[in-house]
Amino acid sequence: MKIALGSDHGGYDLKEIIKAYLEKNNYEVIDFGAFNKDSIDYPEIGEKVALAVKDGEAEKGIITCGTGLGISISANKVPGIRAALVSDTFSAKMSRAHNDANILALGGRVVGPDLALELVQTWLNTEFEGGRHGIRVDKIKNLETKYNK
Ligand code: RB5
């Protein structure tokens, strides 16, 4: 599976940890930066990862910033993106099972590395359940059409 990765400076260290984990586990990674800890504005990276997922260049994305907030809010502005900011395993699982999240967002200053990798693993290994949840996700998509005119 191809995963698009991205962070700002606040999420850089965690992105590098996640990247190493993914590569070790034979995922193909496309890294959209940051490539060092110099200050960089999270909307720029959030957009790049979101576009890679939206256009099918990557199947899923994982993004990090200090809190995960700014970069997830940014990614969610791109149509077709459902970025879920989580810090517990139940939400990581449900964001896939019920919301079909296609991007996972984590806060590099919020979650420690061990928990972060558990969240990544849980998220990547959970399938969308569809059914009544599919109807709800379709309604999310309808909101994009309704307000993106
Ligand atoms: C950068 O200092 C910080 O604001 C950013 O990483 C993120 O936490 C914003 O939501």
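Attention here is on the structure that accompanies the text.

Calculation rules
Residues numbered from 1 in each chain as written. Predicted model: local features only at pLDDT ≥ 70, side-chain atom pairs only at ≥ 80, totals over all residues. Heavy atoms only, no water. Near = heavy atom within 4 Å. Polar contact = N/O pair within 3.5 Å; in protein donor to acceptor, adjacent residues only side chain to side chain. Areas by Shrake-Rupley, 256 points an atom, 1.4 Å probe, with all protein chains shown as cover. Nonpolar A, V, L, I, M, F, W, Y, C, P; charged D, E, K, R; others polar. Helix = DSSP H or I, 4+ residues; strand = E, 2+ residues; numbered from the N terminus. Buried < 20%, exposed > 50% of the residue type's maximum accessible area, 1.4 Å probe, protein only. Contact = heavy atoms within 4.5 Å. Salt bridge = Lys/Arg side-chain N within 4 Å of Asp/Glu carboxyl O. Pairing = 2+ DSSP bridges. Right-handed = clockwise from strand over helix to strand, strands pointing away. Axes fitted to C-alpha atoms, helices over the stretch in contact; angles between N-to-C directions.

**As for the site of the ligand**
- Taken together, Asp8, His9, Tyr42, Cys65, Gly66, Thr67, Leu69, Gly70 and Arg109 make up the full set of residues adjacent to the ligand.
- Interatomic distance of 2.9 Å between a backbone N/O atom of Thr67 and an oxygen atom of the ligand.
- Contacts to the ligand include Gly70, whose backbone N or O atom sits 2.8 Å from an oxygen atom.
- When isolated, the ligand has an accessible area of 300 Å², and the protein chains bury 71% of it.
- Its residues assigned to classes, the shell around the ligand comprises 3 nonpolar, 4 polar and 2 charged.

**As for the side chain of Ser7**
- Relative to the helices and strands, Ser7 is located in strand E1 (residues 2-7).
- For Ser7, a relative accessible area of 0% translates into the label buried.
- Here Ser7 is in contact with Tyr12, Lys15, Gly33, Ala34, Ile40, Ile45, Thr64 and Ile71, once residues within four sequence places are set aside.

**Considerations on the pattern of salt bridges**
- Evaluation of the coordinates by the stated rule reveals 10 salt bridges.
- The salt bridge partner of Glu59 is Lys60, with a shortest N-O separation of 4.0 Å.
- A salt bridge links Asp100 to Arg96, with the nearest nitrogen and oxygen atoms 2.9 Å apart.
- Through salt bridges with shared partners, a single network forms among Lys15, Glu16, Lys19 and Asp31.

**Points about unusual backbone geometry**
- Put simply, Gly33 and Ala34 share a cis peptide bond, and its omega is 0 degrees.
- When you line up the elements, Ala34 lands in the loop between strand E2 (28-31) and helix H2 (42-54).
- The phi angle at Asn26 is positive, at roughly 65 degrees, despite the residue not being glycine.
- Following the sequence through the fold, Asn26 ends up in the loop between helix H1 (12-24) and E2.

**What about the pairing of E2?**
- With 4 bridges connecting them, E1 and E2 associate as parallel partners. The partner of Ala4 across the bridge, within E2, is Ile30.
- Taking the sense of rotation as the criterion, the β-α-β connection linking E1, H1 and E2 turns out right-handed.

**Focus: the sheet that holds strand E5 (residues 103-107)**
- The sheet built from 5 strands is open, its strands ordered E2-E1-E3-E5-E4 with parallel pairing. Of all strands in the sheet, those bounded by a partner on one side alone are E2 and strand E4 (83-85). Pairwise comparison of adjacent strand axes, ignoring direction, gives a mean angle of 25 degrees for this sheet.
- With 3 bridges connecting them, E4 and E5 associate as parallel partners. Residue pairing in the sheet places Ala84 in a bridge with Leu104 of E5.
- Where helix H5 (residues 113-124) meets the sheet, it contacts E1, strand E3 (60-65) and E5, and its direction lies at approximately 170 degrees from that of E5.

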